[in-house]
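These are the residues of each chain, in order.
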Amino acid sequence: MERRWILLLTLIISPTLQANTIEAPYTDVIVSEENQFSKRGLSWPNNQKINPKNTESSLDIFSAIKSDSAFQSSSSLNGNTNFVQTRGSQSYSKNMILLNGLPLNALDGAGANPILIPNEFITEVRTIKGPASHLYGPSALGGATNFLLNPLDKYILGTGVGSFGEKSFKAGLPILKTKENKRTIFFYQEDIDGNYEYQVPNTNEKEQRKFNNSHTLRATTVGHTKIGNGRLQDTFVFAQQTGSTPGNLAGNAGKKKYWGTLGSLDYTHTLFNWGLLSYRISNIYSEYTTSNLNEDNENRSRSNQIKNSLSLLYDTGTKFIHELTLDYTHDTYRSSFYQDEVYYDDIFTIGILEQLRLTPLWSIQLNAQYLSSYGVFTEGISLNYSSDLYSSFSFSTGYSPPSLSQTKAQSLFFVGNEDLKPEESRQVEFTVGYKSDSILKSMTTTYDVFLTTYHTYYENLIASELNSNGAFEPKNTNEAESFGLTLGGFLQYYITRFNASITQSENRDLTNKQDLKAAPNTQWVASLTQYWGPLAFTLKEIYWSSYVIGSGTTSSRKSGWTTTDFLAETSGFNWGKLQIGVDNIFDNAREISLGYPEPQRRYFARAEVWF
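As the structure is a computational prediction, the values presented were derived from the model and not from experiment. (Residues numbered from 1 in each chain as written. Predicted model: local features only at pLDDT ≥ 70, side-chain atom pairs only at ≥ 80, totals over all residues. Heavy atoms only, no water.)

## Observations regarding the overall build of the protein
Part 1: Counting its secondary structure elements, the protein contains 4 helices and 32 strands.
Part 2: A burial count over the protein gives 57% of its 611 residues as buried.
Part 3: Total accessible area on the protein is roughly 25600 Å²; 58% of this is exposed by carbon and sulfur atoms. (Helix = DSSP H or I, 4+ residues; strand = E, 2+ residues; numbered from the N terminus. Buried < 20%, exposed > 50% of the residue type's maximum accessible area, 1.4 Å probe, protein only. Areas by Shrake-Rupley, 256 points an atom, 1.4 Å probe, with all protein chains shown as cover.)

## As for the nonpolar core
Part 1: Counting residues in each nonpolar core, the largest one holds 24 residues, and the members touching the most others are L99, L104, I122, F147, L149 and L262.
Part 2: Mapped by element, the contributors of at least two residues to this core are β4 (95–99), β14 (230–245), β15 (254–271) and β16 (275–292).
Part 3: The contacts of L99, once residues within four sequence positions are left out, are L104, L116, P118, I122, N146, F147, L149, T235, V237 and L262.
Part 4: In this structure, Y333, Y343, L371 and A409 belong to the second largest nonpolar core, which totals 10 residues. (Core = buried A, V, L, I, M, F, W, Y, C linked by side-chain atoms within 4.5 Å. Contact = heavy atoms within 4.5 Å.)

## Observations concerning unusual backbone geometry
Part 1: The phi angle at Y494 is positive, at roughly 55 degrees, despite the residue not being glycine.
Part 2: Along the chain, Y494 falls in the loop between β25 (472–493) and β26 (496–509).
Part 3: Here the phi dihedral of N584 falls at roughly 60 degrees; this positive angle occurs in a residue that is not glycine.
Part 4: Within the element layout of this structure, N584 appears in the loop between β31 (576–583) and β32 (602–610).

## Describing the confidence of the model for the protein
Part 1: Chain-level pLDDT for the protein is 76 on average; 71% of the residues reach the 70-or-more range.
Part 2: Taken together, the stretch residues 592–597 has pLDDT below 50 and engages in 19 contacts with residues farther than four places along the chain or on a different chain. (pLDDT = per-residue confidence, 0-100.)

## A look at the packing of aromatic side chains
Part 1: Tallied over the full model, the rule gives 15 aromatic pairs.
Part 2: A centroid spacing of 5.2 Å and a plane angle of 40 degrees characterise the contact between F573 and W575, whose relative ring orientation is tilted.
Part 3: Judged by relative accessible area, which is 29%, F573 ranks as partly exposed.
Part 4: Three or more aromatic residues link up through ring pairs in this structure, and these residues are F238, W259 and Y285.
Part 5: One cation-aromatic arrangement involves K170 over F121; the distance from NZ or CZ to the ring centre is 5.3 Å. (Phe/Tyr/Trp six-rings, centres within 6.5 Å; stacked < 30°, edge-to-face > 60°. Lys NZ or Arg CZ within 6 Å of the ring centre and 35° of its normal.)

## Looking at the pattern of salt bridges
Part 1: Tallying each qualifying case throughout the model produces 12 salt bridges.
Part 2: Note that R183 and D234 form a salt bridge whose closest N and O atoms lie 2.4 Å from each other. You can see R183 sitting in strand β10 (residues 181–192) and its partner D234 sitting in strand β14, a full 51 residues away along the chain. An identical accessibility class is assigned to R183 and D234; each is buried.
Part 3: Among the charged side chains, a network of salt bridges with common partners joins E166, D583 and R602. (Salt bridge = Lys/Arg side-chain N within 4 Å of Asp/Glu carboxyl O.)

## A look at the environment of G254
Part 1: Take G254: it is sitting in strand β15.
Part 2: Given a relative accessible area of 12%, G254 falls into the buried group.
Part 3: In the structure, G254 is positioned 11 residues away from G243 in sequence and 8.6 Å away in space, judged by C-alpha atoms.

## Re the pairing of β31
Part 1: Extensive coverage of β31 is indicated by the burial of 6 of its 8 residues.
Part 2: The sheet contact formed by β31 and β32 spans 8 bridges and is antiparallel. Bridging across to β32, K577 finds its partner in E608. (Pairing = 2+ DSSP bridges.)

## Some points on the environment of T562
Part 1: With respect to the secondary-structure elements, T562 resides in strand β30 (residues 556–570).
Part 2: The sequence separation of T562 and N584 amounts to 22 residues, and the corresponding C-alpha distance is 8.3 Å.

Spelled out as structure tokens, the structure:
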């Protein structure tokens, strides 16, 4: 590549690497709330925390995570949506997505609906790379990502414009702001006109995409109320996205519509001085319809999930933490693709957590879950050393049941198969690092450098094959592995900060003896931020060495891409923020399947006011 001058890939911006700016009305971490439902996963060694308001120059929070744990998604309506790569696992349904600790994945096989995540107001992102079923249950085969949203202390109004006719408006209205009762209403609207030029990467053929508009509307409420010795927390989301997708170059456009609701009540009660008892009930409904552009006939898919969770956390305040969790989940799925019949499944889960601090520097954590509905046991163990020189070693297993469409639906797409085995994964990870000591932290220079190695093995992955009747039949055929290492770090010196890392990885389909689709071997990301008075300027470069498209005998390796982004924004003000920037300055081509239209260069401007 031409611009090797920037050091190499992928550290997600470290939570300790934050500028001394006022980020009102956002709050990075609400420590008192971390204990309210579950401490599960918060101390897991590969759990990384990202503050998106300090790291991302795009309206889409998914693209804030571009590393060996990467999200590539810009719209529910966009070509290959919900593309997620977490160390070799590239299916959205194999990565648990949570909002305020609430799992959004259903058993319909489509994963979480991204429009239910109010990414324009997300406070913090926590992601676990590698199996996480022992922490969060099924659908966390490849990892888990928790998007956190909290009530605001200030009002926020914002607007934005961008390339491709992009226009957006958002508002955060705290209607209650007392210490014991907080509640905020969030509103967001986005319109993208589309109509952009597209170039086929293989043939360089160009055409105008005439049908690619999208319109997004989302309303969200988040709040909590103190009730005696307990606290009631509620979350509600309504979201809708409509528009059309371009199909192939000849047109063949289709109309699409996503909409969904999410409602959750979480009551936490303090038990004397030694523990917390939590109960949560939630309901998630999502619906997807599609039709040809000039036709009224619609195909419709609907999923609904009801989840009950009971958690007991016992913290002695010294060396031991104990937690017991009981979960009951009821999933239903109905689709016109599958004769419009209703399919359902029930999952009972028992989870335990044991954490022991051996010394002030050493601790050990054990996690386990038993899914009685499937007779599956998943577990995890980690040993951690915390000092200026820090390290961790972990072993964990993951589990994901076949989707309802794969096991029960009878149609031209799938033939019912009750004998499918659950997909499983196992991971070993080791991390060692060194960071600036406590004296330097209070001065002008801070730094952190680390090395992580891992190996993840997947088995019983499900692939669809044509049977003798010419119908697709799901079978347990695939085995895969992902292994590699990441070297990264950051340095902050006065008003300059530099962040960089490189990941070298191999992601292999062991069954077909080939690389996994879109699995790069080398990745890097590097960012440089400079603060000049009231302004901050950030330059970021991301590089993927190569990827594979297609499958089986039709697969082929493509050269990778490099993108360089620039962002200029106000810094240190408590009245709001102004931002202007450009993504992909050098207009490098990327596949449409990664969620980016062409031309690749995108200009944008945003303004927010806090009061």
